Amino acid sequence: MAQDRNKPVLLELLTAAGTGNSHCADCGAPDPEWASYKLGIFICLNCSGIHRNLPEISRVKSLHLDFWENDLVEFMRTHGNFCAKAKYEAKVPPFYYIPDSKDCLVLKEQWIRAKYEREEFVASSVCHETGSSGSREGFLWKRGRDSRRFLKRRFLLSAWEGVLKYYTKESRGPKAVISIKDLNAMFQTEKIRNPHGLQITYSKEGQMRNLFVYHESGKEIVDWFNAIRAARLQFLRTTFPTTPEAELLPKITRNYFKEGYMEKTGPKHKEAFKKRWFSLDSQERNLLYFKDPLDAFELGHVFIGHKEQGYEVQADLPRGVSGKKWKAGLTIVTPHRKFVCVCENDREQKEWLAALNVVISQPRTGCELRQTGLSA
């Protein structure tokens, strides 16, 4: 039978040298088990679900479960992931965020739609210039700092001015003017509980300020994200003109390295343990903490320096110190004091220990010589 003959051929194409077929064409997940027989690409299960919503552009089959006709197998043989990449990713702007398998659905969906539906990055397209100026204006739903309700606010991003502004109905001028120098953005769909949820962060008077926003349109919120990235790249190019672009790109925007709840005590280690939401920013080497994951301002932070500066993290608590409900302790040792926390379980403790040790092991740079403390 053709199905019996064709299945081994398809599986051989997955590992064929020079094809890129061993990883998903869209998110890079290893060992894809699906394929688009209209585009000639091999994709993972998650991305295949997005392709199913683009029937005019893409049609998918399982490599293992579906019947493959001879002509479709031959089409897959003459195409493949690298072939599609050469066509559909010919002119991806350097600031454009290319999602991986761990990223949220809206990023992956808009990446796939931008490539195959809108063909923004083919060699003849001019659509890829959208947002490349680092300027954008429009409305986003923003969570109120005190009311916690999402309200429609006008945002203005200007790379030329070097700022992001937002306005309220009550204010004639901007409610906030945020320097692109201090700006970061990351998708936080689970935390914000919205499939298009975006967290914008910046430093204000020595504290980390959070803005939580979303838009009804997946394309719109991803366009905002990439416009922020374009503005950030322009700033970095201007500020560090001799630095290779390959070194600047990872610094455009960043996700937190790890987040989650821990309980912490004060500097004397005798204060009651309080439950706090912690966010580890590995690039800035800061461990931030908040009363609630959606707080507008941090309550405090600790600078995580290099091990050669006397920083370390220990998988225990100081003698005589014990949490009430949570017992899996860790102690962050700095040159100035010890910061004591407890995790909900051993798994969380191991994950925090591993994440903190990664940062402590990172080589220090000149801008990291500043050290700050974690307040009680």
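The notes below deal with the structure included here. (Residues numbered from 1 in each chain as written. Predicted model: local features only at pLDDT ≥ 70, side-chain atom pairs only at ≥ 80, totals over all residues. Heavy atoms only, no water.)

**Let's talk about the pattern of salt bridges**
Okay, step 1: Scanning all chains against the criterion turns up 21 salt bridges.
Okay, step 2: The partner of Arg136 in a salt bridge is Glu220, and the shortest N-O contact between them spans 3.2 Å. In this pair, Arg136 is assigned in strand E4 (residues 135-143) and Glu220 in helix H7 (residues 218-239), connecting sequence segments 84 residues apart.
Okay, step 3: With a relative accessible area of 17%, Arg136 lands in the buried category. (Salt bridge = Lys/Arg side-chain N within 4 Å of Asp/Glu carboxyl O. Helix = DSSP H or I, 4+ residues; strand = E, 2+ residues; numbered from the N terminus. Buried < 20%, exposed > 50% of the residue type's maximum accessible area, 1.4 Å probe, protein only.)

**Here's the deal with the environment of Val359**
Okay, step 1: With respect to the helices, strands and loops of the structure, Val359 is situated in helix H9 (residues 346-361).
Okay, step 2: In this structure Val359 comes out as buried when scored by relative accessible area, which is 0%.
Okay, step 3: Taking the C-alpha atoms as reference, Val359 lies 5.9 Å from Ser282; in sequence the two are 77 residues apart.
Okay, step 4: The residues touching Val359, leaving out its near neighbours within four places in the chain, are Leu280, Ser282, Arg285, Ile304 and Gly305. (Contact = heavy atoms within 4.5 Å.)

**Considerations on the side chain of Lys115**
Okay, step 1: Examined against the element boundaries, Lys115 turns out to sit in helix H5 (residues 105-117).
Okay, step 2: At a separation of 2.7 Å, a polar atom in the side chain of Lys115 contacts the side chain of Asp26.
Okay, step 3: Apart from residues no more than four positions distant in its own chain, Lys115 is found in contact with Ala25, Asp26, Tyr88, Glu89, Glu120 and Phe121. (Polar contact = N/O pair within 3.5 Å; in protein donor to acceptor, adjacent residues only side chain to side chain.)

**Remarks on unusual backbone geometry**
Okay, step 1: Unusually for a residue other than glycine, Arg193 sits at a positive phi of about 60 degrees.
Okay, step 2: Looking at where Arg193 falls in the secondary structure, it is placed in the loop between helix H6 (189-192) and strand E9 (198-204).
Okay, step 3: Not every positive phi belongs to a glycine, and Glu205 is a case in point at roughly 55 degrees.
Okay, step 4: The residue Glu205 is located in the loop between E9 and strand E10 (207-214) in this model.
Okay, step 5: You can call Glu205 exposed: its relative accessible area is 78%.

**A few points about the packing of helix H2 (residues 45-52) against H5**
Okay, step 1: Two elements in contact, H2 and H5, have axes whose closest approach is 10 Å; the angle formed by their N-to-C orientations is 55 degrees. Looking at the two axes, H2 sits oblique to H5. Between H2 and H5 lies a crossing whose hand is right-handed. Counting all contacts with H2, which are made through Asn46, Cys47, Ile50 and His51, the residues of H5 involved are Leu105, Lys108, Glu109, Ile112 and Tyr116.
Okay, step 2: Looking at the contact of H2 with H5 residue by residue, the class counts come to five nonpolar, two polar and two charged. (Axes fitted to C-alpha atoms, helices over the stretch in contact; angles between N-to-C directions. Parallel < 35°, antiparallel > 145°, perpendicular 65-115°, else oblique. Left-handed = near helix turned anticlockwise from the far one by under 90°. Nonpolar A, V, L, I, M, F, W, Y, C, P; charged D, E, K, R; others polar.)

**Some thoughts on the sheet that holds strand E3 (residues 60-62)**
Whenever strands of a sheet pair, they do so through backbone hydrogen bonds, lying parallel or antiparallel.
Okay, step 1: Overall, antiparallel pairing links the three strands, which are arranged E2-E1-E3 in an open sheet. Since the sheet does not close on itself, it has two edges, and those belong to strand E2 (41-43) and E3, each with one partner. The average undirected angle you get between the axes of adjacent strands in this sheet is 30 degrees.
Okay, step 2: Looking at chain direction, strand E1 (residues 34-36) and E3 are connected through three bridges and run antiparallel. Note that in E3 the partner of Trp34 across the bridge is Ser62. (Pairing = 2+ DSSP bridges.)

**Describing the nonpolar core**
Okay, step 1: Phe155, Leu157, Leu164, Phe187, Leu198, Ile200 and Ile221 are the most contacted members of the largest nonpolar core, which has 38 residues in total.
Okay, step 2: When residues of this core are traced back to their parent elements, those giving at least two are H5, strand E5 (150-158), strand E6 (163-167), strand E7 (176-179), strand E8 (184-187), E9, E10 and H7.
Okay, step 3: With ten residues, the top contributor of residues to this core is H7.
Okay, step 4: Contact partners of Phe155, with chain neighbours within four places excluded, come to Arg136, Glu137, Gly138, Leu140, Lys142, Leu164, Lys165, Tyr166, Leu211, Val213 and Trp224.
Okay, step 5: Residues Met262, Leu280, Val302 and Cys343 belong to the second largest nonpolar core, which totals 22 residues. (Core = buried A, V, L, I, M, F, W, Y, C linked by side-chain atoms within 4.5 Å.)

**Points about the sheet that holds E7**
Okay, step 1: Spatial ordering of the open sheet is given by E7-E6-E5-E4-E10-E9-E8, a layout of seven strands whose pairing is antiparallel. In this open sheet, the two edge strands, each paired with only one partner strand, are E7 and E8. Between one strand axis and the next, the sheet turns by 35 degrees as a mean value, whatever way the strands run.
Okay, step 2: Across four bridges, E8 lies against E9 in antiparallel orientation. Bridge pairing links Met186 to Gln199 in E9.

**Some details on the packing of aromatic side chains**
Okay, step 1: Tallying each qualifying case throughout the model produces 15 aromatic pairs.
Okay, step 2: Their ring planes at 65 degrees and their centres at 5.6 Å tell us that Tyr97 and Phe225 sit as a pair that is edge-to-face. Within this pair, whereas Tyr97 is found in the loop between helix H4 (81-88) and H5, its partner Phe225 is found in helix H7, the two being separated by 128 residues in sequence. Like Tyr97, the residue Phe225 is buried in the burial classification.
Okay, step 3: What links up through ring pairs into an aromatic cluster is the set Tyr96, Trp111 and Phe121.
Okay, step 4: Across from the ring centre of Phe139, 5.7 Å away, lies the NZ or CZ of Lys152, which sits over that ring.
Okay, step 5: One cation-aromatic arrangement involves Arg209 over Phe297; the distance from NZ or CZ to the ring centre is 5.0 Å. (Phe/Tyr/Trp six-rings, centres within 6.5 Å; stacked < 30°, edge-to-face > 60°. Lys NZ or Arg CZ within 6 Å of the ring centre and 35° of its normal.)

Note that all results are geometric; they support no functional claim without further evidence.
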